[in-house]
Amino acid sequence: LHLVNQLMDYRRAELGVFQLKATWGNAYQVVRENYLFYEKLARTKKIEYNLYSDITDRQMLFDPNYLELIVNNLLSNAFKYTANGKMIAVFIREDQDTVSVEVRDQGIGIAENRKNSLFVRF
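Residues numbered from 1 in each chain as written. Predicted model: local features only at pLDDT ≥ 70, side-chain atom pairs only at ≥ 80, totals over all residues. Heavy atoms only, no water.

## Thoughts on the nonpolar core
(1) Moving on: Among the nonpolar cores identified, the biggest contains 20 residues, and Val31, Tyr49, Phe62, Leu67, Leu75, Phe79 and Ile88 are the most heavily contacted of them.
(2) Moving on: Of all the secondary-structure elements, those providing two or more residues to this core are helix H2 (27-37), strand E3 (60-62), helix H4 (64-81) and strand E4 (87-95). (Core = buried A, V, L, I, M, F, W, Y, C linked by side-chain atoms within 4.5 Å. Buried < 20%, exposed > 50% of the residue type's maximum accessible area, 1.4 Å probe, protein only. Helix = DSSP H or I, 4+ residues; strand = E, 2+ residues; numbered from the N terminus.)

Listed below in C-alpha cells is the structure:
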C-alpha cells in the first residue's frame, strides 16, 4: 500500500498537483531508512555502497513523503543503471538554509543529446 501511495504521489508531482506538507523532523533518518532498503541489492551486485552525511540529529522543516519519493527514485535509477562491482554513494549536505541530497554512481549516465530534456515533462 505504501508503494502504491508513493506511485500515486509521484504521478501527482509529475502533473504539478502535489502539495508539500512540510513538518519538522530528521531528514537524515528519512534518507538513511531509504538507503538501507537497497543494502541487500548492493551486496548482491557487489556494489560499493556508502552514505555520507554532514547532518545526523538535526531537526528541520521538510516533507518526509516527498523526500522519500525523491530518494527512492534516485536510488532505484542508480541501481538500475550501475553494473555489478561498481560504486554508488549518497551524500547529504547542509549549506546555510538548504539541505541537498546527491546520489553518485558509476552507471552508464545520461546521453548528451538527452540532457536538455531531462526536466521536461513527457
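## Focus on the sheet that holds strand E2 (residues 48-53)
(1) Moving on: Spatial ordering of the open sheet is given by E2-E4-E5, a layout of three strands whose pairing is mixed. Of all strands in the sheet, those bounded by a partner on one side alone are E2 and strand E5 (98-105). Sheet twist, expressed as the average angle between the axes of neighbouring strands with direction ignored, equals 10°.
(2) Moving on: Here eight bridges tie E4 to E5, and the two strands are oriented antiparallel to one another. Opposite isoleucine 92, over in E5, you have valine 101 as the bridge partner.
(3) Moving on: H4 contacts E2, E4 and E5 of the sheet and is inclined by roughly 15° relative to E5. (Pairing = 2+ DSSP bridges. Axes fitted to C-alpha atoms, helices over the stretch in contact; angles between N-to-C directions. Contact = heavy atoms within 4.5 Å.)

## Here we look at H4
(1) Moving on: Given a rise of 1.5 Å per residue, 18 residues ought to cover 26 Å, and the 26 Å separating the end C-alpha atoms of H4 matches this to within 8%.
(2) Moving on: Those residues of H4 that sit buried are Leu67, Glu68, Leu69, Val71, Asn72, Leu75, Ala78 and Phe79.
(3) Moving on: Its side-chain oxygen placed 3.0 Å from the backbone nitrogen of asparagine 65, aspartate 63 serves as the N-cap of H4. (Expected span 1.5 Å × (residues − 1). Polar contact = N/O pair within 3.5 Å; in protein donor to acceptor, adjacent residues only side chain to side chain.)

## Quick word on unusual backbone geometry
Leaving glycine out, the prevailing phi sign among residues is negative, and the prevailing peptide bond configuration is trans.
(1) Moving on: If you check the backbone angles, lysine 46 has positive phi at about 55° while not being a glycine.
(2) Moving on: In this structure, lysine 46 sits in the loop between helix H3 (39-44) and E2.
(3) Moving on: A positive phi angle, close to 55°, is found at glutamine 96, a residue other than glycine.
(4) Moving on: By the secondary structure assignment, glutamine 96 is in the loop between E4 and E5.

## Topic: H2
(1) Moving on: The complete set of buried residues in H2 reads Ala27, Tyr28, Val30, Val31, Asn34 and Tyr35. Projected onto a plane normal to the axis of H2, the buried residues spread over an arc of 165° and lie on a single side.
(2) Moving on: Where H2 begins, one side-chain oxygen reaches toward the backbone nitrogen of tyrosine 28, 3.0 Å away; that side chain belongs to asparagine 26. (Arc of directions from axis to C-beta.)

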